[in-house]
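Descriptive structure summary
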Amino acid sequence: MRSPCYRLESGGRINRAQALEFSLDGRMMRGLEGDSLASALLANGMLLVGRSFKYHRPRGFLSAGAEEPNGLFTLGEEGRTEPNVQGTTTELFDGLRAQRQNCWPSAELDVMAVNSWLAPLLGAGFYYKTFIGPTRRSWMFYEKFIRRAAGLGRAVHRRDPDRYETRHAFADVLVIGAGPAGMAAALAAGRAGARVVLVEQDWLLGGSLLWEPLETPTAAWLRDIAVELESLANLEILRRTTALGVYDGNTVALVERRDHLRPNAELGESRQIVVTVRARTIVYATGAVERPLIFANNDRPGVMLASAVRCYLNRFAVAGGRRALVATNNDSAYATAFDLAQLGIPVTIADQRGQIEPSLRQQTQALGIELLAGTAVIDVLGGRRVKGALLGGASEGTRRTRRACDLLCMSGGWSPLVHLTSHGGIKPRYCPEIAAFVPGEYAEGHYGVGALSGSFSLADAVTRGVEAGRNAAARAGCGPLAFTLSAPAAQSAIHGGGAFSSPRGRSSKAFVDFQNDVTVKDIHVAHQEGYQSVEHLKRYTTLGMGTDQGKTSNINALAIEAHLRGIEISAVGTTTFRPPYSPVSFGALAGRNVRKHFRPTRRSPLHDWHVAHGAAFTEAGAWLRAWWYRWAGPTVEQAYIEEMRLVRGAVGLSDASTLGKIDIQGPDATELLNRIYVNSFDNLPVGKTRYGVMLADDRTVFDDGSTTRLAETRYFMTTTTAHAAEVLSWMEFLLQTAWTDLKVHVTSVTDVWAAMAIAGPKARSALELALPGHDLSDARLPYMGCLELSFAGVSLRLIRLSFSGELAYEIYVPADYAVALWDHVLASAAPLGIKPIGLEAVASLRIEKGHVAGLELDHRNTLRDLGLGRMASRSKAYVGRELSQRPTLQAEERWSLVGIERLEPGKPLRGGAILFGIGDKIEGHGRGYITSVTWSTVRENFIALGLYQGGLRHIGEEIICAYPLRDEQLRARIVSPVFIDPKGERLRA
Amino acid sequence: MLERSSVLARVRSEGSRDGTGGLRRLRIGETRDWNLVQVAAFSATAAELEDTVCAALGVELPARVGDAAAVGTRLLCRTGAEQFWIFTRGSDDIAAALQSAVAPAMGSVTALSHSRTCIWIDGAHSREVLARGLSIDLDSDAFGPHSFALTGLHHTPVMILRSSATRFELYVLRTFAVWTWEWLTDAALPYGYELDWTESA
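All residue numbers here refer to positions counted from 1 along the written sequence of the relevant chain. All chains are assigned letters beginning at A, and all ligands numbers beginning at 1, according to the order in which they are written. Local features in this predicted model are restricted to residues of pLDDT 70 or higher, and side-chain atom pairs are both shown and tallied only at a pLDDT of 80 or more, whereas totals for entire chains, interfaces and linings draw on every residue. Side-chain calculation: all heavy atoms of the structure are included, whereas hydrogens and water are not.

**Quick notes on empty space enclosed by the protein**
Residue and element names in this part refer to chain A. A cavity, in this analysis, means grid points on a 1 Å lattice covering only the protein atoms where a 1.4 Å probe fits yet has no way out; a pocket is instead an open set bounded by protein on both sides within 12 Å along at least five of seven lines, and a residue lines either one if it has an atom within 4 Å of a point. Grid points are joined across faces, edges and corners, and a volume is the space filled by probe spheres set on the points. This structure, assessed with the given rule, holds nine cavities of 30 Å³ or more. To qualify as a helix, a DSSP run of H or I must reach at least 4 residues; to qualify as a strand, a run of E must reach at least 2; elements of each kind are numbered from the N terminus. When contributions to the lining of the largest cavity are tallied by element, the ones reaching two or more residues are strand S23 (414-416), helix H10 (419-423), strand S25 (436-439), helix H13 (534-541) and helix H14 (554-565). Sorting elements by how many residues they give to the lining of the largest cavity places H14 first, with four residues. In the scheme used here, Gly and all other residues not listed as nonpolar or charged are polar, with Ala, Val, Leu, Ile, Met, Phe, Trp, Tyr, Cys and Pro taken as nonpolar and Asp, Glu, Lys and Arg as charged. In the lining of the largest cavity, the residues fall into 14 nonpolar, ten polar and three charged. One number sums up the size of the second largest cavity: a volume of about 120 Å³. Looking at the second largest cavity, it is lined by 14 residues, and the ones nearest its centre are Arg-51, Ser-52, Pro-69, Asn-70 and Leu-152. Taken together, the residues that form the lining of the second largest cavity break down as six nonpolar, six polar and two charged.

What follows is the structure in structure tokens.
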């Protein structure tokens, strides 16, 4: 059957010369430039736009704006698929593809519509009551079926090819909403010289003025103001932009949509942009939404808000039907009736009020409109669209009559949109005159104008808009300005607030919340079951949830609950308004923080060299570190062993640039070190280095590293790679809060200095080849000594210390010279067989030597646990000292550091394995665990470091290493954690 | 002789990019051959240090935190109540001179030249590109030429300096420089950009 066409032959803010092709469920249709998806569908006679959430009832558009609960579509395809998009706010563009949701096989013939017949069983709390058994886990079974049967659109798992962006913006005056009040405010502030940002979610400025017919003084006024706004260089207009939330410090999050531009991601063009605006002042001009009336079957396609009908009529030149019934409890719906009648559409007005304003009565007569005062809609006739309505007196028991119609326009009054003001901390206040909430007291620098304030007069909106714009600009330091603006005469000046109308009876098909299928009956049930608090009511019935967040339903629901409880609506209160005001895509929130821009990557000064020379990389925090080199083998398992052998037998060079480096200067530098390290630095001579360990406040080992005294009042500290920033921040914190008397400066020089470690029995020879002319003998540069020298005009720091247990040095060089020096060292010492080694080998060499590192320094272990207890000074105070004296931390049976050697060849020793004594039951947390494991080229066996209950008191004992993830167990022996050179002869060579 | 190398050496092989409409509305590059030294006083010695630095350099120091003063090829930035960053060009490396002038009891002098990479962006749209990551008002009334700020750009610390109406310099930590470069050139994509290495010799 061919659908009727509802496009009018003239009028509307559309471009009839520009046709746009789009599709719905694969069916091609045609709209016009300026159409929304909703208006284009209505123009094509598509009133059935989807199925409802729970009962799969046929639904049509209720509104023409962001409050729309029914007309949700899945737009796009493949990776661009975006579900739950409102057709009413979607600007039509050529090639748009839309699908109706929550229906199968089609919206017209939906199998799950059977739910509608089961509605009496599916009321509030149905799931909670029904799916509670028979076992505790039953819900897990039911859930997937329930979710499949009910719901909205579905997201896809494909990569989104579009690009999203974020940006920051600043304004003296931010005006949210470009209706008459917002435009007036923006113009006044702009003329005063303020930097103004005007935000409008629509693609046209005007708000409710867009509902007025074209050839009117209102339309001319709108055009003039828009032109003037555009001409102001200090005013930025953001169309197609929604204010999502208001946050502390006048920070407002916006999302700007650019789909209409068909952005090309390859050219860096973004589909959506999240804008964070920081404004000195905010003018809220967010308007109001019309409330539905509640009667049986008020959700049938063809039942629409009266203002929406007027919007489609005058803005899009679309008439939603051939014969209209206007049901109202206030004056505002009369404008719709008049406009319909003037187009020759037969109209009946059913006004619940007995007394009608004489001027309205006269106009209805003049236009041939049938006016039924004291009359309400009782029920709607028709299935997939309205066919008529059953009318009755506004009070119970009056005679019922039928009226045929295919368009039912309803108006239950107006609710100001207090969402954003509520985000900003302005508590809503109930206003009985309009039966709605308005913002309470505004904070300094915040202003509310227009319908938001509960005044629906156009003249008021313009006057107060100008005043707010002027005041906001003045507060931002602009102006003063003598500026007035008069409002045009408009039909919409007859707007009235409208009182709440109590629905008839408890019909299970009188909907309060259209999106979540919540009926009057559901609210009654919730009330009877004790869910009377508005927050409980919301969660028990799902009222006010979903993508529309109850914009059209909240007040009606509150009124019903107030009636049931016998209290005023003001006493019921509201639920909490939270951002976002309307749905926002995850893509927009993520912006460009995806893929390689997801998080920062830190690269060593030698990174490119490693890349060019076959290094494989591993992530270490933000760092990318050279893991192993292909010269040593094709896999990490083979390569790191070869690299270890090189160091134990000759000499290897590793990149240590990632170490944290801190410059410490000042007369109290030594005192600072004494306080943060457990060991003393008082007697460290200039030119010497000392290993230090620092504790956290809670006495656990925080970090370790070496610190070199460069001068009496200057030190060069290194930290672990992982804790570099933490250590610096912590020292700064202590100096700025606890130790303000200390004269010390700490500065990160991690990026100033590149570092390379040269290790192996031939390390000194290699250095002598690389740095000819410098005395590097043991006498000149002993173990834990430091030399500052100049090579080829470049200042170097040479520190002799060892992580591997071999003779070793660390060379610090200004970062820009790192590649040159690295190349030079490798070339000079090539005759000794020097080669680069990676992180895996370095980490394995330290296990052989028994040095603790990040895996042991996990903020859980004490000095004693790690075998470092003897380092602690008894003669000075240091951070963590007092707590470390607690008896429980001195207990002999604490888990403490041990070495572990495998006893069963052929079975791997694994990091994380749980340790048990022989004869223990293999379950639970055991007696400890393995922290670090490696193949030892010295022992030719797997060795490990671990924490074991009682530690080295069990040396020589056999244990079981259990790895439950692979169901493995193997025997091992507790040994000393120092596997090589316990006397330190190699490193002192 | 050891040769200095830029951390951005690798990205030099990347080409310029056309933006929307086939235009290249921006220029992006690296500035090399500059020096940075940090001078800081203790709270009790702030005035003394300022006098000493003024005498050593022969210039007045900026009075307020966030102020900068250009004197010849030197740029003096007051980065904290008692802290200054001083940028110089080429062989005008003043770190050693300041170290000998500032006694340890008065304050500290730390050479930071190698810690940062200077990436610049120039063009009428440079502000829009930077606004994609910087939460700083870059309007010329609020952040005019010679304004600077120590801030964060896309999770990393940076110093931003406006060197002219259309040109901004980002002093980024050397180890994050490639990452910042990738972010910046990606942000500049829709405008199109010409890579310019003339200042990185």
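Alright, that's what it looks like, and here's the rest.
**Notes on the pairing of strand S19 (residues 375-381) of chain A**
Residues and elements named next belong to chain A. For S19, the buried fraction is high: five of the seven residues fall into the buried class. Whether two strands pair depends on DSSP finding at least two bridges between them. Across six bridges, S19 lies against strand S20 (residues 388-393) in antiparallel orientation. Across the sheet, the residue bridging to Leu-381 is Gly-388, located in S20. What sits between the antiparallel neighbours S19 and S20 is a turn of six residues, in which Gly-382 has the positive phi angle 115°. Relative accessibility under 20% of the residue-type maximum defines a buried residue, over 50% an exposed one, and the middle range a partly exposed one, all with a 1.4 Å probe and only protein chains included.

**Some remarks on the side chain of Thr-750 of chain A**
The residue Thr-750 of chain A is located in the loop between strand S37 (745-748) and strand S38 (753-759) in this model. Polar contacts here mean pairs of N or O atoms no more than 3.5 Å apart (in protein, one a potential hydrogen donor and the other a potential acceptor; neighbouring residues in sequence count only if both atoms are side-chain atoms). Of note is the side chain of Thr-750 of chain A, whose polar atom sits 2.9 Å from the backbone nitrogen of Lys-661 of chain A.

**Some points on the packing of aromatic side chains**
Whether two aromatic rings pair depends on their centres lying within 6.5 Å, for rings of Phe, Tyr and Trp, where Trp uses its six-membered ring; planes under 30 degrees apart make the pair stacked, over 60 edge-to-face, and the rest tilted. Tallied over the full model, the rule gives 24 aromatic pairs over all chains. Taken together, a centroid distance of 4.6 Å and an interplanar angle of 40° make the contact between Phe-87 of chain B and Tyr-171 of chain B tilted. Of the two residues, Phe-87 of chain B is situated in strand S5 (residues 83-89) and Tyr-171 of chain B in strand S10 (residues 167-173); the sequence distance between them amounts to 84 residues. Grouped by ring-pair contacts, the aromatic residues Phe-131, Trp-139, Phe-141, Tyr-142 and Phe-145 of chain A constitute a single cluster. Geometrically, a charge over a ring is one whose NZ (Lys) or CZ (Arg) sits within 6 Å of the ring centre while staying within 35 degrees of the ring normal. Between Lys-835 of chain A and the ring centre of Trp-631 of chain A, over which it is positioned, the NZ or CZ distance is 5.6 Å. The ring of Tyr-963 of chain A is capped by Arg-910 of chain A, whose NZ or CZ atom sits 5.6 Å from the centre of that ring.

**Here we look at the side chain of Ser-582 of chain A**
All names here are of chain A. By the secondary structure assignment, Ser-582 is in the loop between helix H15 (569-572) and helix H16 (586-590). Classification of Ser-582 as buried rests on a relative accessible area of 10%. Setting aside chain neighbours within four positions, we find Ser-582 in contact with Thr-242, Leu-244 and Lys-551. Contacts are residue-level and defined by heavy atoms, with any inter-residue pair within 4.5 Å sufficient.

**Points about the interface of chain A and chain B**
Contacts between chain A and chain B engage 50 residues on the former and 52 residues on the latter. Summing both partners gives a buried area of about 4300 Å² for chain A against chain B, and 53% of it is carried by carbon and sulfur. By definition, a salt bridge exists where a carboxyl oxygen of Asp or Glu is found within 4 Å of a side-chain nitrogen of Lys or Arg. At the boundary of chain A and chain B, one finds nine salt bridges. Between the two partners, chain A and chain B, sit 28 residue pairs in polar contact (both at pLDDT 80 or more). Elements supplying a minimum of two residues to the side of chain A that touches chain B: strand S8 (164-176), strand S29 (602-603), strand S33 (660-665), S37 and helix H22 (818-828) of chain A. Here the quantity called buried area is the accessible surface, traced with a 1.4 Å probe, that two parts lose on coming together, added over both.

**Things to note about the sheet that holds strand S7 (residues 96-100) of chain A**
Remark on secondary structure: sheet strands pair via backbone hydrogen bonds, oriented parallel or antiparallel. Residues and elements named next belong to chain A. What the five strands build is an open sheet, ordered S2-S1-S7-S5-S6; its pairing is mixed. A single partner strand is all that each edge strand has here, and the edge strands are strand S2 (27-33) and strand S6 (82-86). Neighbour-to-neighbour, the strand axes of the sheet open up by a mean angle of 40°, direction not taken into account. Where strand S1 (residues 15-24) meets S2, seven bridges bridge the pair, whose relative direction is antiparallel. An axis is simply a line fitted to the C-alpha atoms; with a helix, the fit covers only the stretch in contact. Between two such axes, the angle follows the N-to-C directions and lies from 0 to 180 degrees.

**What to know about helix H18 (residues 636-649) of chain A**
Residues and elements named next belong to chain A. Compared with an ideal rise of 1.5 Å per residue, which puts 14 residues at 20 Å, H18 spans 20 Å between its outermost C-alpha atoms and is within 8% of the ideal. Val-636, Ala-639, Tyr-640, Ile-641, Glu-643, Met-644, Leu-646, Val-647 and Arg-648 are the residues of H18 that are buried. Contact partners of the buried residues in H18: strand S31 (623-629), strand S32 (652-655), S38, strand S42 (835-836), helix H23 (839-849) and strand S45 (928-936). How far a helix is expected to stretch is found by multiplying one less than its residue total by 1.5 Å.

**Re the environment of Thr-541 of chain A**
Residues and elements named next belong to chain A. Within the element layout of this structure, Thr-541 appears in helix H13. Since its relative accessible area comes to 6%, Thr-541 is described here as buried. In this structure, the C-alpha to C-alpha distance between Thr-541 and Tyr-531, residues ten residues apart in sequence, is 9.2 Å. Apart from the residues lying within four places of it in its own chain, the contact partners of Thr-541 are Ala-124, Val-518, Asp-522 and Ala-526.

**So, the pairing of strand S1 (residues 26-31) of chain B**
All names here are of chain B. Within S1, five of the six residues are buried, leaving the element largely enclosed by the surrounding structure. Pairing of S1 with strand S11 (residues 193-196) involves four bridges; the strand directions are parallel. Paired with Ile-28 across the two strands is Leu-195, which belongs to S11. Looking at chain direction, S1 and strand S7 (residues 116-122) are connected through five bridges and run antiparallel. What sits directly across from Gly-29, in S7, is Trp-120.

**With respect to a nonpolar patch on the surface**
Surface patches are drawn from residues lacking salt bridges whose relative accessible area is over 30%; two like charges belong together within 9 Å, two nonpolar side chains (Val, Leu, Ile, Met, Phe, Trp, Tyr) within 5 Å. Surface accessibility in these figures is a Shrake-Rupley result with a 1.4 Å probe; residues are shielded only by whichever protein chains are displayed. A contiguous nonpolar surface patch, about 470 Å² in accessible area, is contributed by Val-114, Trp-117, Leu-118 and Leu-121 of chain A. For Leu-118 of chain A, the position within the fold is in the loop between helix H2 (114-117) and helix H3 (126-130).

**Quick look at the nonpolar core**
All names here are of chain A. Among buried residues, the Ala, Val, Leu, Ile, Met, Phe, Trp, Tyr and Cys ones that are joined through side-chain atoms within 4.5 Å form a nonpolar core. If you look at the biggest cluster of nonpolar residues, it comprises 128 residues, and the most contacted ones within it are Leu-41, Leu-229 and Leu-408. Considering each element in turn, this core owes the most residues, eight residues, to helix H5 (residues 180-191). Dropping the residues within four chain positions of it, Leu-408 is found in contact with Phe-295, Gly-302, Val-303, Met-304, Leu-325, Ala-327, Val-377, Val-380 and Ala-389. Ala-615, Leu-653, Met-756 and Val-813 belong to the second-largest nonpolar core, a separate cluster that totals 37 residues.

**Considerations on helix H12 (residues 520-528) of chain A**
Every α-helical turn comprises 3.6 residues, leaving residues that sit three or four positions apart pointing alike. Residue and element names in this part refer to chain A. Most of H12 is tucked away, with seven of its nine residues classed as buried. If you check which residues of H12 are buried, you get Val-520, Asp-522, Ile-523, His-524, Val-525, Ala-526 and His-527. Residues of H12 that are buried in the fold lie against H3, strand S27 (511-513), strand S28 (518-519), H13 and H14. Phi turns positive, to about 100°, at Gly-530, one or two residues after H12.

Everything listed here is a matter of geometry and, on its own, says nothing about what the molecule does.
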